[in-house]
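Structure at a glance
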Amino acid sequence: MKGLILAALVLATAPLYADYTPFYLGLLTEVLVFGLFALAYDVLLGHAGVLSLGHSAFVGVAAYTTGILLARYQLALEPAILAGAVGGLLTSLLLGVLVLRKRGVYLAMLTLALSQVFYYAVLMWTTVTGGTDGLGNLPILHLSAPLGWRLSKRPITRYYVVATVIFLAMLAIRHVLGSPLGRAMRAVKGNETRAAACGYDTRRIKLAAFAISGFFSGLAGALLTVVLEFVPIENIHWQMSGTVLIMTLFGGTSTLLGPFVGAGMFIWMRDFLSKHLEYWEVFVGGAFVLIVLFLPDGIVGTLTRVLARRPPEPAGAPADQLPEPAGLVGAARPASPDGRLLESRGLRKTFGGLTAVNGVDFQVRMGELRSVIGPNGAGKTTFFNLLTGVLPPSGGRILFKGHDITGLPAHAVSRLGIARSYQVTNIFGDLTVYENVRIAAQSRVTHYRFWGRADALALVNQRAEEILHHLGLAVQRHALARELSHGEQRYLEIGIALATDPDFLLLDEPTAGMSPDETRRTAAFVRRLAGHVTIVVVEHDMEVVMGISDRITVLNYGEVLAEGTPAEIRENADVRRVYLRD
Amino acid sequence: MNGCILILVALGLSIVFGLMGIINFAHGIFYMLGAYAGWLTVQVTGSFWLALLTAPAAVGLLGILVERGVLQRIYGTKNATFAGVLVTYGLAIMIPDLVRMTFGRPGKPFAVPAALTGSLFRLGEIDVHAYRVFILGVTAVLLPLLWLLLNRTNLGLVIRAGTSDNLMVQLLGINVAQTWTITYALGAALAAFAGVITAPLVAVAPEMGGLVLIECFIVTVVGGMGTFLGVVAGGLLIGEALALTGMLYDVLADVVIYLAMALVLLVRPRGLFGQEGMSEE
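Before going into details, it helps to say that this report is about the structure given with it.

Parameters and conventions
- Residues numbered from 1 in each chain as written.
- Chains lettered and ligands numbered in written order.
- Predicted model: local features only at pLDDT ≥ 70, side-chain atom pairs only at ≥ 80, totals over all residues.
- Helix = DSSP H or I, 4+ residues; strand = E, 2+ residues; numbered from the N terminus.
- Buried ≥ 20, exposed ≤ 12 C-beta atoms within 10 Å, placed from the backbone.
- Contact = placed C-beta atoms within 7 Å.
- Pairing = 2+ DSSP bridges.
- Axes fitted to C-alpha atoms, helices over the stretch in contact; angles between N-to-C directions.
- Parallel < 35°, antiparallel > 145°, perpendicular 65-115°, else oblique.
- Left-handed = near helix turned anticlockwise from the far one by under 90°.
- Nonpolar A, V, L, I, M, F, W, Y, C, P; charged D, E, K, R; others polar.
- Expected span 1.5 Å × (residues − 1).

Now for the overall build of chain B. Helix and strand content of chain B: 11 helices and two strands. Ordering the α and β elements of chain B from the N terminus gives α-α-α-α-β-β-α-α-α-α-α-α-α. In terms of overall dimensions, chain B has a C-alpha envelope of 60 × 45 × 35 Å along the principal axes. Within chain B, the proportion of its 281 residues that are buried is 51%.

As a further point, take the overall build of chain A. What chain A contains, in helices and strands, is 23 helices and 10 strands. Seen along its three principal axes, the alpha-carbon backbone of chain A occupies a region of about 90 × 50 × 45 Å. Counting over 582 residues, chain A shows a buried share of 51%.

Contact residues are listed per partner, giving 30 residues for chain A and 36 residues for chain B. Looking at the side of chain A that touches chain B, the elements with two or more residues in it are α5 (104-124), α11 (239-251) and α13 (281-294) of chain A. Considering each element in turn, the side of chain A that touches chain B owes the most residues, 13 residues, to α5 of chain A.

With that settled, consider unusual backbone geometry. All names here are of chain A. Even without glycine at this site, lysine 401 takes up a positive phi of about 55°. Structurally, the position occupied by lysine 401 is in the loop between β4 (395-400) and β5 (403-404). Notably, glutamate 509 is not glycine yet its phi reads approximately 50°, a positive angle. Its 19 C-beta neighbours within 10 Å are what place glutamate 509 among the partly exposed residues.

All names here are of chain A. If you trace the four strands from one edge of the open sheet to the other, you get β2-β1-β4-β5, paired in antiparallel fashion. In this open sheet, the two strands that pair with only one neighbour each are β2 (354-365) and β5. Note: strand β1 (residues 340-351) against β4, five bridges, orientation antiparallel. In the strand pairing of β4, arginine 348 is matched with glycine 395.

Let's shift gears to the packing of helix α1 (residues 2-20) of chain B against helix α10 (residues 228-248) of chain B. Residue and element names in this part refer to chain B. For the pair α1 and α10, interaxial distance at closest approach is 8 Å and the crossing angle is 140°. The angle between α1 and α10 places the two elements in the oblique class. The chirality of how α1 crosses α10 is right-handed. Residue-level inspection shows Asn2, Gly3, Leu6, Ile7, Ala10, Leu11 and Ser14 of α1 in contact with α10, the latter providing Val231, Val232, Gly234, Gly235, Leu236, Ile238, Gly239, Glu240, Leu242 and Ala243. For the contact of α1 with α10, the class distribution of residues is 10 nonpolar, six polar and one charged.

Another point: the pairing of strand β1 (residues 119-123) of chain B. Residue and element names in this part refer to chain B. With zero of five residues buried, β1 is to be regarded as a mostly surface element. Sheet topology note: the β1/strand β2 (residues 126-129) ladder contains four bridges and is antiparallel. Paired with leucine 123 across the two strands is isoleucine 126, which belongs to β2.

Looking now at the pairing of strand β10 (residues 559-564) of chain A. A regular strand places its side chains so that they alternate between the two faces of the sheet. Residues and elements named next belong to chain A. Bridge count between strand β9 (residues 551-556) and β10: five bridges; the pairing is antiparallel. From the neighbouring strand, threonine 553 faces β10, where its bridge partner is glutamate 563. Where β9 hands over to β10, the hairpin turn is made up of two residues, of which tyrosine 557 adopts a positive phi near 50°.

This next bit is on the environment of leucine 236 of chain B. All names here are of chain B. Note that leucine 236 resides in helix α10. Residue classification places leucine 236 among the partly exposed positions, given that 17 C-beta atoms sit within 10 Å. C-alpha separation for the pair leucine 236 and proline 96, spaced 140 residues apart in sequence, amounts to 28 Å.

Residues and elements named next belong to chain B. Where helix α2 (residues 27-45) contacts helix α9 (residues 208-223), the two axes come as close as 7 Å, and the packing angle between them is 135°. Here α2 lies oblique to α9, going by the angle between them. Both α2 and α9 take part in a crossing whose hand is right-handed. For the pair α2 and α9, the contacting residues are His27, Gly28, Ile29, Tyr31, Met32 and Ala35 in the first and Met208, Gly209, Gly210, Val212, Leu213 and Cys216 in the second. Taken together, the residues of the contact of α2 with α9 break down into eight nonpolar, four polar and no charged.

Let us now look at helix α3 (residues 55-73) of chain A. Residue and element names in this part refer to chain A. End to end, α3 covers 26 Å across 19 residues, agreeing with the expected 27 Å (1.5 Å per residue, within 8%). Judged by how many residues are buried, α3 sits mostly within the fold: 17 of 19 residues are covered. Two residues or fewer past α3, glutamine 74 is found with a positive phi of approximately 45°.

The next thing to look at is the environment of phenylalanine 228 of chain B. Residues and elements named next belong to chain B. Tracing the backbone through its elements, the reader meets phenylalanine 228 in helix α10. Separated by 84 residues in sequence, phenylalanine 228 and proline 144 have C-alpha atoms that sit 11 Å apart. If sequence neighbours within four positions are ignored, phenylalanine 228 has contacts with Trp147 and Leu150.

A word on the sheet that holds strand β3 (residues 369-373) of chain A. Residue and element names in this part refer to chain A. Ordered by their spatial adjacency, six strands build an open sheet running β6-β7-β8-β3-β9-β10, and the pairing between neighbours is mixed. Whereas interior strands pair on both sides, the edge strands pair on one side only; in this sheet they are β6 (418-420) and β10. In this sheet, neighbouring strand axes are inclined to one another by 20° on average, regardless of whether the strands run parallel or antiparallel. Across four bridges, β3 lies against strand β8 (residues 534-538) in parallel orientation. From the neighbouring strand, valine 372 faces β8, where its bridge partner is valine 538. Running over the sheet, helix α15 (residues 380-387) touches β3, β6, β7 (504-508), β8 and β9 and is turned about 150° from β7.

Spelled out as C-alpha cells, the structure:
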C-alpha cells in the first residue's frame, strides 16, 4: 500500500522536476511505458520464475496492431490500444504453448528463436508494416476517442493520460499477483515438483503467467505506438527482449517499483551517455554484468532488503507431543465397493536395462495403515513415484477408488485425493511456513482465479491454521520455510501433504534424519492420523514400522517378498533371510 | 558450406551447454573476435595460415579469462544457470561496442588467401570455388578429430560424464573446475576458428556474432542439445535450408529456418537426435 501511494505521488509530481519541458516530458512518458513493459515482463520472470527472451514479439505485435488499426482503418484510440493488448495476449499464448514443453534456459532460447519469426514476418509484409522504414504517418491527433478525450499535442496532457493508464495497469497487476493464481505462480516458481504434487497443473499456471505478461506487454506496446506516433521495426526485434530484461534486473525482480526504476536507468544511460559517448552500450553491458554479479536483487530489491527489518521471531518451544489430529482430515469418502481404496496390478517400471519395480500387486483397504519396507534399492521410492504420477509406469495398472488412474500426471493424481511427502525434504523454501500450507490447501478450492485476494479465502485460511496448529508450527508461521530446523521441515513436509485434504496419504520416510525424540513423536502422530485417513508409509526405522502398522508389505528387487501383519512379517523366514539378515 | 561453419560454432555452444548448463550468449562474440584476430594477423604478417592458429589461440585465452573471471563467480549460486545467461548476454552487448571503439564501425574486407582463389572446377552451370572446397575439407578433417577428442580421450570422458551427472564426477575426485575452463576455452577457440574461415566470404564486422548465435540456437534445437550427431545433422539441415531458400526465394531464407525449428518442436520436442529427458531442464 505504501508503495502504491508513493508511486501515485511520484507519477503525479514527476513533471515538476522535469520543468515541464517537452523533451523531458517525452522522456518521462517513455520511461513510464517501458516501466510497464518491464513490470509485465517481471510477472513472468520474478513471479513465475520463467526467463523469456521473446517479449519483443508481444510488445511488437501489439505496437503494429495498434499502428495498423490507426493508420489504415482510422480506428479510435481506445479500441486500437485494447486491440494491441489483446494482440500481445494472443501472441504470448501461442508462444507459451510452444515453449512450455521445455524448461529453464532451454525455454529461454526457444522464446528468442520463435519471437524472431514475428520480426521476419513484419520485415516481409512491407506493404502493411512499412518493413525496415517502420510504420509512420499515424493520424493520432485527428482521431477522436469514444470516451470524449483527444490525445492533445501538449506533452503534459499526454503525460498525465499515459500516467493514469499505467497506474491503473499497475493496480491490476498488483491485484493479480495477490490473487489465488498469483500465489500459485509463486509456488510454481519456488518448487515446481511440489506444486504439481499439491494439484497444480504447473504448465497451465505458467501459461497463465505468459498470458498476463503478454497482455500488459501488449498494452505497453500499444501505448508506445501512441506516444511515439510511429512504430520502428526495432520494436519487434529480439533486442527489445534483451532491453526489457536489462531494465527489469537493473531495478530488481519481484518488486512493483523496480521495473520502473530500471527503465529510468536504462533510458537515462541511453540518452545521456550517448550524448557524450559514442559507444554507450559498453557501459550498459558492463553495468548489467556488474549488477548480475554483485546486486542480484537489483537496485530496488537491494534497498528494500536493507531497509526492511523483519520482526524477531517469538521463540516458541515446539510442543512435546503433537496434538490429536481430530478434524484435520475431512469425513471419509467411499472407496471402491470391496473396500479397496488403492490397488496396483502387475505394476512395472524399467529404467533402461534396470527393472526398479517388477510386477507389484498391491492393495490397500480403506482406513488401513500400511508400511512398505525393504532394503535400499528395493524400489520403494520408485513405487511411490508411480502411484503419485511422478513417473509413468512401464506396465501394469493403478486403480484408485475403483477408477483407473494409470498414467495420469502428478497434479491430476493429487486432485483425486492422493497426497505424499518426500524422503528428501521438498518444501517451498522461499515461502513462509504459513504460505507453504496455505497454497496446498488453496489447491482444493481454486487454481486459476485471478481476481480477489488469495488471503481472503476463509476456508483455505481455516484449514492452513488447523494444520499449523496440529503440527506445532503455529509460532513459526511467518518464518521462511528454509529457516526451520530439520525436524520442523519434516513436519511441514507432512503438513503440506495433509493440507490438500487427501483420502490417501503416502509418507516417504517421515522420520528420516530425526532425533529419537522427534521420531517417537512423529510415529505417534502418524498412528493417530491413521484413524482419519488411509496411509502408506515407507520407513527404515523397524521399531516405528512394527509399532504403528496394521499390515506390512516387504519389497525386494522390485517385487513383493511378503505381506502380512507385523507379527507375521517378524516370523517370516524369507523376510528374516533377505531383509533382517539373521 | 554454410552448414560447415554453423556446425563448428554450434558444437562449442552445445558442449558448453551440455556440461555447464549455461546458454553461452558470448559464443557469437568469440566467433566475431576470431574473425577480427584473423584479420589482424593477416594485416601484420600477411599469412592466412598463421591466422588459422593465432585466432583460436588468442580467443581461447580470452575464453579462459571469461570463464575464470566472470563465470566462476556464479557457479553454485542460486539460479546459476539464469545468471550464466545474463552475464554472457551482458558481455554480448559490451564487446561489439568495444570492437567498434577499437577498429571502427565499418566492416573490414578480408581477402581469400591467394592459394585458394578462383574456381577449382565447374559443376554444370556452377563454378566451384577453391575456397569453398577448402572449408568443406577443413570441416571434414576437424569433425572426426573433435569426435575422437570427445569420445576417445580422458578429457572427453570427463566432459561426457559431467554432462550427465556433474556432482557424481566431482565426488569421484575429478577436477571439474579445470575441465569446465578447458571446455569453455575449447568452445571459444572453435568458434574463433570458424570466424576466421568465414571471414573471406563476408566482411568482418562487429555485428556478425549476433546473427550466428541465433542460427546456432536453432541448429541445436533442431538437432538436439548436447549431442554431437544432432549438432552435425542440425547444422547441415539448417545450413542447406538457408542456402537453398536463399537461392530460390531470397526473402524467405530467414523465415524458413524458424519454421523448421517450430515444426521440430511440435513433432519432436527433444530434437532430431536428442535423448529423452536430457538437457531439458
